[in-house]
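For reference, the chains in residue letters:
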Amino acid sequence: QGAIRMFLLRSAAVASFLLACGLPYSSAFVGSGLTVTPKDARLRTAVSATASRSTPLGLKMEDPLLLRAARGEKVEMTPVWMMRQAGRHMQEYRELVKKYPTFRERSEIPEVATEISLQPWEAYGVDGCILFSDILTPLPGMGVEFDIKETSGPKLKPLRTKEQIDTMKICSDWSTSMPFVKQTLGELRKRVGNSATVLGFVGLPFTLATYLVEGGTSSEYLEIKKMMYYNPSLLTAMLENLAENIGNYANFQIEAGAQVIQIFDSWAGSLSPEDYDLFAFPYQKMVVNAIKKKHPDVPIIIYIAKSGAHVERMADTGVDIVSLDWTVTIDEARRRIGRDIGLQGNLDPAILYGPEHIIKERTESILKMAKGRHHIMNLGHGIEATTPQPNVKFFVDTVHAFKH
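All of these numbers come straight from a predicted model, not from anything done at the bench.

A complete count under the given rule lists 7 aromatic pairs for this structure. Taking 6.2 Å as the distance between ring centres and 25 degrees as the angle between the ring planes, the aromatic pair formed by Tyr249 and Phe252 counts as stacked. With Tyr249 and Phe252 both in helix H13 (residues 232–256) and 3 residues apart, this pair spans about one turn of that helix. Phe252 carries the same exposure label as Tyr249, and that label is buried.

Printed below as a string of structure tokens:
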């Protein structure tokens, strides 16, 4: 402990001196060889917090790496985080499940949600710390209750009639409906300081509607597709309600502390292009417009599973970054949507089960294609529950060690 204290004092003193000279903290540390290693996430935060108290007036600590990359700025290395990084694949998380057995407990008790959100940052040194929550979390604020079973996933009472859909409301006060989200995001900002970017996220209208109409998860989405064809005006009413609510909920997350918002329309990839243009794209755009109207400088990332056919449509929503699955290469995406839109991804999560030389080879192949331009490294889908933790750490370290 004495050695750690001495390290912090010396590091803070060096940081304060460099800041006083007008040098950005992170750039100066990279150049001086004093960079704290990714595994020392808590140390890095303590150094950042201590140094910031000594920052001369008029000087500002540099924004975190992922936030700068999301804005399209030139960065010293590629940032990395993983979808579903906080959760089942981590032993630390599984230990908490014994004490807090339901998902809603873990996500709606702020102290627990904060601890879970921080676990991958502390273990791996990822550059993004995403709110531990679920895309269904805001539904009670709209008058729709749900539960999440550990073995079978989300369970809801299906909404398939006009009378049922009319029970959905527009939430007028997210602070009252979701106080735990505000508290968790605020605490995350304090805990990570400038050493990581805090991400919020929302589910987009079509994907949320699949759960509402199907009553839970689905593989074929037959009930919602029947509604699309037999009663499209009914589905449209639901989608409009969801778009207004979700746009407001995303803004609530930003005002609570989220620096980047990822929007998930995970199941829109099940739609044909024609149906996508009718039932997904307009409502994606409504949410993006609502965010950009209030917070034009906050980067937005869009993700859709099995999205190869829709990459151009994703870019056309007005987002800042398109998150790719592994069926589309970085080079192909650049050709199709140009260089003005950032990219995220896109390692196949199954590769993290492979040997280290394969993880390194495939990761570096993506990084070479991206060339460090407006790119955030991630997986092409959420991390699998049985992924070995040492392999995850190796993946993150490989990204951080890569030199463009």
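For helix H15 (residues 281–294), with 14 residues, the first-to-last C-alpha span of 20 Å sits near the 20 Å given by 1.5 Å per residue. Inspection of H15 places Phe281, Tyr283, Gln284, Val287, Val288, Ile291 and Lys292 among the buried residues, and these make up the whole buried set. The inward-facing, buried residues of H15 contact helix H11 (205–214), H13, strand S5 (260–264), helix H14 (273–279), strand S6 (300–303) and helix H16 (311–315).

In this section: the UniProt feature "domain: Uroporphyrinogen decarboxylase (URO-D)" (unreviewed entry) in the protein chain. Cross-referencing UniProt, the feature "domain: Uroporphyrinogen decarboxylase (URO-D)" (unreviewed entry) maps to residues 79–88 and 199–215 in the present numbering. Helix makes up 59% of residues 199–215 and strand makes up 29%, while its end C-alpha atoms are separated by 28 Å.

In this section: the nonpolar core. Of all hydrophobic cores here, the largest spans 124 residues; its most connected members are Met82, Leu212, Leu235, Met238, Ile263, Val322 and Phe395. Ranked by the residues each element gives to this core, the list is headed by H13, at 12 residues. Contacts of Phe395, omitting those with residues within four sequence positions, involve Val80, Met82, Leu347, Leu352, Ile359, Thr363, Met377, Asn378 and Leu379.

Here Arg104 is to be found in helix H6 (residues 103–108). Polar contacts involving the side chain of Arg104 include one to the side chain of Glu108, which spans 2.8 Å. Setting aside residues up to four positions removed in sequence, Arg104 forms contacts with Ile109, Pro140, Glu145 and Phe146.

Along the chain, the position of Thr197 falls in strand S4 (residues 197–203). In contact with Thr197, not counting residues within four places along its chain, are Pro64, Leu66, Leu67, Asp127, Gly128, Cys129, Gln259 and Val260.

Let's shift gears to unusual backbone geometry. For the peptide bond that leads from Gly345 to Asn346, omega is 5 degrees, which places it in the cis range. By secondary structure assignment, the location of Asn346 is in the loop between strand S8 (342–344) and helix H18 (356–370). In this model, Tyr221 sits at a positive phi of 60 degrees, which is unusual for a non-glycine residue. Mapping Tyr221 onto the fold places it in the loop between H11 and helix H12 (222–230).

Before going further, it helps to examine helix H7 (residues 110–124). Note: α-helices contain 3.6 residues per turn, so residues at a spacing of three or four share the same orientation. Compared with an ideal rise of 1.5 Å per residue, which puts 15 residues at 21 Å, H7 spans 22 Å between its outermost C-alpha atoms and is within 8% of the ideal. At Leu118, H7 is deflected by roughly 30 degrees, the largest bend along its length, and proline Pro120 occurs up to four residues later in sequence. Buried within H7 we find Pro110, Val112, Ala113, Thr114, Ile116, Ser117, Leu118, Gln119, Pro120, Trp121 and Tyr124.

The next thing to look at is the sheet that holds strand S1 (residues 128–130). In spatial order, the strands read S1-S4-S5-S6-S7-S8-S9; together these 7 strands make up an open sheet with parallel pairing. Only two strands of the sheet have a single partner each, and these edge strands are S1 and strand S9 (375–376). Bridging between S4 and S5 involves 5 bridges; their strand directions are parallel. The partner of Leu199 across the bridge, within S5, is Val260.

Now for the environment of Thr317. Take Thr317: it is sitting in the loop between H16 and strand S7 (321–323). Residues Thr317 and Val287, spaced 30 residues apart in sequence, show a C-alpha to C-alpha distance of 9.2 Å. Setting aside residues no more than four positions away along its own chain, Thr317 makes contact with Phe281, Gln284, Lys285, Val288 and Ile302. Side-chain polar atoms of Thr317 contact the backbone oxygen of Met314, separated by 2.6 Å.

Criteria and cut-off values
Residues numbered from 1 in each chain as written. Predicted model: local features only at pLDDT ≥ 70, side-chain atom pairs only at ≥ 80, totals over all residues. Heavy atoms only, no water. Phe/Tyr/Trp six-rings, centres within 6.5 Å; stacked < 30°, edge-to-face > 60°. Helix = DSSP H or I, 4+ residues; strand = E, 2+ residues; numbered from the N terminus. Buried < 20%, exposed > 50% of the residue type's maximum accessible area, 1.4 Å probe, protein only. Expected span 1.5 Å × (residues − 1). Contact = heavy atoms within 4.5 Å. UniProt positions renumbered as here; feature names shortened; annotations may be inferred. Core = buried A, V, L, I, M, F, W, Y, C linked by side-chain atoms within 4.5 Å. Polar contact = N/O pair within 3.5 Å; in protein donor to acceptor, adjacent residues only side chain to side chain. Bend = angle between axes of the 7 residues up to and from the residue. Pairing = 2+ DSSP bridges.

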